[in-house]
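Structural features, examined
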Amino acid sequence: MTDLSPPPPEVLPESAAAPPDHTAGVEGRPEPHKAGMVCFLVSEAAFFSTLIMAYVIFLRHGSAGPTPDEALSLPLVLGNTACLLASSATVHLAERSLRKGNVGAFRLLWAATILLGVLFLVGTAVEWRGLIRDHGLTIGVNLFGTTYYTLVGFHAFHVTLGVLALAAVLGVSARGLLPGTAPLPVTLVGWYWHFVDVVWVVVFLVVYVLGR
Amino acid sequence: MATAEIEPAALPAAESRPPWTAVLHEWVVTVDHKKIGILYVLMAVGFILVAGAAAVMMRLQLWAPNLALVPPTTFNQFFTLHGTTMVFFVGMPLLIGIANFAVPLMIGARDMAFPRLNAFGFWATLFGGLLVYFSLVVPGGPPTIGWFAYAPLTENSFARGPGVDCWALGLIVSGLGTTTAAINFIVTILSLRCPGMTLRKVPFFVWVMFWTSVQILVVMPPLTAALTMLEFDRQLGAHFFDTQAGGSAYLWQHLFWFFGHPEVYILVLPAFGMISEVVPVFSRKVLFGYEFMAAATAAIAFISLGVWAHHMFAVGMSRALDLFFAAASMLVSIPTGIKLFNWLATVYGGKLVLKSPMLFALGFLSMFVIGGLTGIILACAPVDLQVTDTYFVVGHFHWVLIGGTVFGIFSAIHYWYPKATGRMLSERLAKWQFWLLFLGFILTFAPMHVAGILGMPRRIYTYGPGRGWELWNQLATLGALLQAPSYLIFAYNIVTSLWKGKVAGDDPWDAWTLEWATTSPPPAYNFAVVPTVKSRRPLWDLKHPDDPDWKYE
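None of the values given here were measured: they were computed from a predicted structure.

1. Focus on the overall build of chain B
Along chain B, the regular secondary structure elements total 17 helices and zero strands. Over its C-alpha atoms chain B spans a radius of gyration of 24 Å, differing by no more than 12% from the 24 Å that the globule rule assigns to 553 residues. Along the three orthogonal principal directions, the C-alpha set of chain B runs to about 80 × 50 × 45 Å. Taking as baseline every contact in chain B between residues at least 6 positions apart, the subset at least 24 positions apart corresponds to 82%. For chain B, the exposed area adds up to about 20,700 Å²; of that, 72% sits on carbon and sulfur atoms. Taking the average place of the 31 positive charges on the side chains of chain B and the average place of its 28 negative ones, the gap between the two points comes to 5 Å.

Below is the structure:
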């Protein structure tokens with residue numbers, strides 16, 4: 001009889017205080033923050049899918065102004081892509097170092113990730129300057145400009161947020177406030193960063209390889 | 001118990017109530033899922049009165065041919081605000097708010113997984129709504145685009161004032177709030193269920209909220225993307241939907257309805273869940289066919305993602321697309337039918353308790369089926385081509401949204417109000433509300449089907465005499481006037497019952513789910529001891545130790 005559930009309300013102590021962490025759940029259930037991050041990334045994937053679809057639909061919709069074949073050049077963007085792919089590797093290695101307890105290596109690799117992210121953004125800025133100055137491609141000039149700047153711009157915006165999140169984690173770590181060998185902020189920001197990289201791989205393939 | 005005597009210190013505290021500023025502060029900064037849920041509901045009640053008033057004005061304008069009560073532009077602004085408000089700032093906040101209140105209690109949790117994110121979700125929704133209504137004071141006034149905002153009506157060439165911008169930005173802001181609410185529900189339901197409550201044992205409403213949240217998560221971001229594109233068009237000179245520069249009005253329709261149709265299920269699935277809680281309790285029987293109901297819910301959530309273009313048969317897509325979307329739309333009727341028959345089987349042979357929650361639930365069962373049937377008619381592409389954009393469509397979706405969603409919501413509010421406040425709602429007022437709504441609703445929307453078949457288009461601000469539309473419009477207007485007081489009675493009832501209502505006690509309906517195990521209203525921490533459950537009806541097990549459910553499940 002003792003396992004009958006739940007205890008009747010009248011035997012519950014009225015003044016019982018809630019435990020400090022109400023999310024400390026039952027064994028075997030997903031960790032809430034990780035589950036939340038997965039959900040967030042699903043919603044982000046739905047968002048980018050829409051932008052990518054719009055890009056593909058308007059691809060080669062002939063209107064005046066520069067076309068992808070004329071305007072986009074591979075060398076610079078290949079460098080950008082290399083930066084972002086390398087940053088996925090460094091963030092992964094940083095996490096692994098931290099799990100092994102090597103905080104110094106973690107911070108170094110984490111900082112390298114930030115640097116690679118910033119390099120990608122600088123590369124994008126240089127590319128956009130070329131597009132605007134040399135090719136006269138702006139968001140309003142034709143449908144290619146409209147869809148290109150929206151898609152690539154939203155990705156760059158996500159990279160920017162990622163760099164800020166990475167920097168915040170580095171700052172917290174530098175002040176010695178990151179406990180344990182696999183703290184949640186490191187894991188979650190790492191996931192976000194990998195996601196942003198994967199989105200870039202798709203954007204790169206659609207915009208610069210298949211769509212050119 | 002010796003401790004039961006009144007403590008002297010408690011009495012003065014009850015007399016000297018905290019100042020209203022302190023109460024306001026407490027509600028503004030709260031992260032308690034119950035208070036946030038109540039805030040959502042209060043916000044929606046405020047918006048329902050505003051958007052309902054717009055509806056009454058439109059009905060009065062359509063009372064007779066060539067009336068000039070509401071000018072054409074104002075009429076267009078009314079139906080834009082009415083539709084937008086009812087979907088985004090009444091329907092969804094009511095469902096999300098009620099779920100916010102009930103879900104953590106039903107699964108034996110102390111709060112949602114992310115309480116601060118939860119508060120953000122509410123405030124984003126509220127301020128998104130206020131941003132849409134801010135268009136009332138900008139030059140040009142509110143947008144005249146309908147709730148689906150077809151391009152290129154929304155482009156700069158046709159909408160010069162900032163009304164469309166208020167509308168789009170308001171929906172982006174509230175959409176972000178809704179997305180965070182969906183994330184919160186999914187994580188709460190996956191991670192915070194009390195010990196023993198496997199996913200096969202969750203109360204049915206919780207299961208439904210999980211799938212509703214999955215839908216929100218998948219379809220709300222595309223709407224945000226589409227609205228962003230629209231704002232890029234308007235503010236940055238992009239050309240997504242600018243047909244004069246090669247943009248596509250067709251793309252907007254696809255993007256909008258990819259959100260817009262699942263949205264209809266987002267609005268009605270939670271009502272299914274509410275009915276699935278109320279019908280068993282007031283039939284004194286266990287929910288019939290829980291597993292089939294659960295599978296049908298998931299099936300609806302999936303199928304509903306592939307039916308959106310049945311709103312677009314008249315665009316002239318292609319025969320293949322027409323056939324696909326017609327077939328997919330009709331497919332939805334199978335899981336929906338499964339649900340309906342399971343509810344009927346739950347009622348069948350039960351000892352019905354005809355209290356207000358059950359009245360609204362029976363209103364739902366009878367009316368939703370009719371809305372579903374006109375839905376099957378509309379899913380048939382050749383028929384749709386005849387009645388598309390007529391009042392037949394208006395009659396159909398109001399039948400589903402009021403006969404389904406609104407009756408479900410009223411059922412849920414009458415069911416959980418005692419838990420939320422500790423007081424019972426007045427049954428007498430609730431019955432007045434129900435019958436006025438039930439009869440007024442039929443009288444408003446049934447004649448619209450006839451007017452539609454007779455060819456009356458939607459969204460016209462007036463019509464010429466001699467087309468045979470007068471009678472049907474007058475019946476509909478009378479119906480609206482009959483319905484309107486029911487909403488006022490409801491607002492009056494939920495306010496005055498706070499102090500006039502009978503004290504409810506913990507479990508006024510003799511129900512079976514965990515929220516009835518704690519006090520009414522529940523303490524901030526919900527459960528002093530996190531409960532452990534062994535079946536879908538933990539309180540039945542508790543009340544009937546000789547015959548517990550877990551022996552049979």
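2. Observations regarding the overall build of chain A
Looking only at helices and strands, chain A has six helices and zero strands in total. In sequence order, chain A lays out its α and β elements as α-α-α-α-α-α. Here chain A, with 212 residues, has 46% of them falling under the buried criterion. When contacts within chain A are restricted to residue pairs at least 6 apart in sequence, those whose partners lie at least 24 apart make up 79%.

3. Here we look at the packing of aromatic side chains
All names here are of chain A. Under the counting rule described, the total for this entry stands at 65 aromatic pairs over all chains. Where phenylalanine 154 meets phenylalanine 157, the ring centres are 6.4 Å apart and the plane angle is 80°; that geometry is what we call edge-to-face. Here phenylalanine 154 pairs with phenylalanine 157, and both are found in helix H5 (residues 143-174), just three residues apart, close to one helical turn. Classification of phenylalanine 154 as buried rests on a relative accessible area of 15%. According to the relative accessible area criterion, phenylalanine 157 is partly exposed, its value standing at 42%.

4. Overview of unusual backbone geometry
Residue and element names in this part refer to chain B. A cis amide bond links alanine 151 to the next residue, proline 152, at an omega of 0°. Turning to its location among the elements, proline 152 is positioned in the loop between helix H5 (115-134) and helix H6 (163-191). The omega torsion across serine 520 and proline 521 is -10°, close enough to zero to call that bond cis. Positive phi, close to 50°, is recorded for alanine 149, a residue that is not glycine. Relative to the helices and strands, alanine 149 is located in the loop between H5 and H6.

5. What about the side chain of B:Ser356?
Looking at the element boundaries, B:Ser356 is found in helix H12 (residues 356-379). Not counting residues within four places of it along the chain, the set of residues in contact with B:Ser356 comprises B:His414, B:Glu427 and B:Ala430.

6. Focus on the confidence of the model for chain B
All names here are of chain B. Residue-level pLDDT values for chain B average 94, and 97% of them are 70 or greater. Across residues 1-14, confidence stays below pLDDT 50; counting only partners more than four residues off in sequence or on other chains, it has one contact. Both scores are available for the predicted complex, with the pTM at 0.93 and the ipTM at 0.93.

7. A short note on the interface of chain A and chain B
With 48 residues of chain A at the contact, the number on the chain B side is 52 residues. Buried area between chain A and chain B, both sides added, is near 3,900 Å², and the carbon and sulfur share of it is 74%. At the boundary of chain A and chain B, one finds zero salt bridges. Secondary-structure elements contributing two or more residues to the side of chain A that touches chain B are helix H1 (32-58) and H5 of chain A. If one sorts the elements of the side of chain A that touches chain B by residue count, H1(A) sits on top with 16 residues.

8. Observations concerning the packing of helix H3 (residues 33-61) of chain B against helix H4 (residues 72-106) of chain B
All names here are of chain B. With their axes 7 Å apart at the nearest point, H3 and H4 run at an angle of 155° to one another. In terms of axis orientation, H3 runs roughly antiparallel to H4. Like other packed secondary-structure pairs, H3 and H4 cross with a definite hand, here left-handed.

9. Some details on the pattern of salt bridges
All names here are of chain B. Following the criterion strictly, the structure yields eleven salt bridges over all chains and no others. When the shortest N-O distance is used, the salt bridge between glutamate 291 and arginine 536 registers 3.1 Å. Of this pair, glutamate 291 sits in helix H9 (residues 290-303) while arginine 536 sits in the loop between helix H16 (470-500) and helix H17 (538-543); the two residues are 245 residues apart in sequence, bridging distant segments of the chain. Judged by its relative accessible area of 16%, arginine 536 is buried. Three or more residues are tied together by salt bridges with common partners; here these are Arg284, Asp507, Asp510 and Lys543.

10. Brief notes about the nonpolar core
Counting residues in each nonpolar core, the largest one holds 228 residues, and the members touching the most others are A:Trp110, A:Tyr148, B:Trp252 and B:Trp416. Among the elements that make up this core, the one with the highest residue count is helix H8 (residues 249-283) of chain B (20 residues).

11. Some thoughts on the environment of B:Thr73
With respect to the secondary-structure elements, B:Thr73 resides in helix H4. In this structure the C-alpha to C-alpha distance between B:Thr73 and B:Gly140, which are 67 residues apart in sequence, comes to 10.0 Å.

12. A short note on a nonpolar patch on the surface
Residues and elements named next belong to chain A. The grouping of Leu85, Val201, Leu205, Val209 and Leu210 at the surface amounts to a nonpolar patch, some 430 Å² of accessible area in total. When residues of the nonpolar patch are assigned to their parent elements, the largest contribution, four residues, is made by helix H6 (residues 184-210). One can find leucine 85 in helix H3 (residues 74-99).

13. Structural notes on the packing of H3(A) against helix H4 (residues 103-135) of chain A
Residue and element names in this part refer to chain A. At their nearest, the axes of H3 and H4 sit 8 Å apart, and the two run at 165° to each other. In terms of orientation, H3 and H4 fall into the roughly antiparallel class. Both H3 and H4 take part in a crossing whose hand is left-handed. Split by residue class, the contact of H3 with H4 holds 19 nonpolar, seven polar and one charged.

14. So, the environment of B:Pro222
Residues and elements named next belong to chain B. With respect to the helices and strands, proline 222 occurs in helix H7 (residues 204-236). Residue proline 222 is classed as buried on the basis of its relative accessible area of 3%. Taking the C-alpha atoms as reference points, proline 222 and phenylalanine 258, 36 residues apart in sequence, are found 7.8 Å from one another.

Rules of the game
Residues numbered from 1 in each chain as written. Chains lettered and ligands numbered in written order. Predicted model: local features only at pLDDT ≥ 70, side-chain atom pairs only at ≥ 80, totals over all residues. Heavy atoms only, no water. Helix = DSSP H or I, 4+ residues; strand = E, 2+ residues; numbered from the N terminus. Rg over C-alpha atoms; globule rule 2.2 N^0.38 Å. Contact = heavy atoms within 4.5 Å. Areas by Shrake-Rupley, 256 points an atom, 1.4 Å probe, with all protein chains shown as cover. Lys, Arg positive; Asp, Glu negative; His and termini not counted. Charge placed at Lys NZ, Arg CZ, Asp CG, Glu CD. Buried < 20%, exposed > 50% of the residue type's maximum accessible area, 1.4 Å probe, protein only. Phe/Tyr/Trp six-rings, centres within 6.5 Å; stacked < 30°, edge-to-face > 60°. pLDDT = per-residue confidence, 0-100. Buried area = accessible area lost by both parts, 1.4 Å probe. Salt bridge = Lys/Arg side-chain N within 4 Å of Asp/Glu carboxyl O. Axes fitted to C-alpha atoms, helices over the stretch in contact; angles between N-to-C directions. Parallel < 35°, antiparallel > 145°, perpendicular 65-115°, else oblique. Left-handed = near helix turned anticlockwise from the far one by under 90°. Core = buried A, V, L, I, M, F, W, Y, C linked by side-chain atoms within 4.5 Å. Patch = residues over 30% accessible without salt bridge, like charges linked within 9 Å, V, L, I, M, F, W, Y side chains within 5 Å. Nonpolar A, V, L, I, M, F, W, Y, C, P; charged D, E, K, R; others polar.

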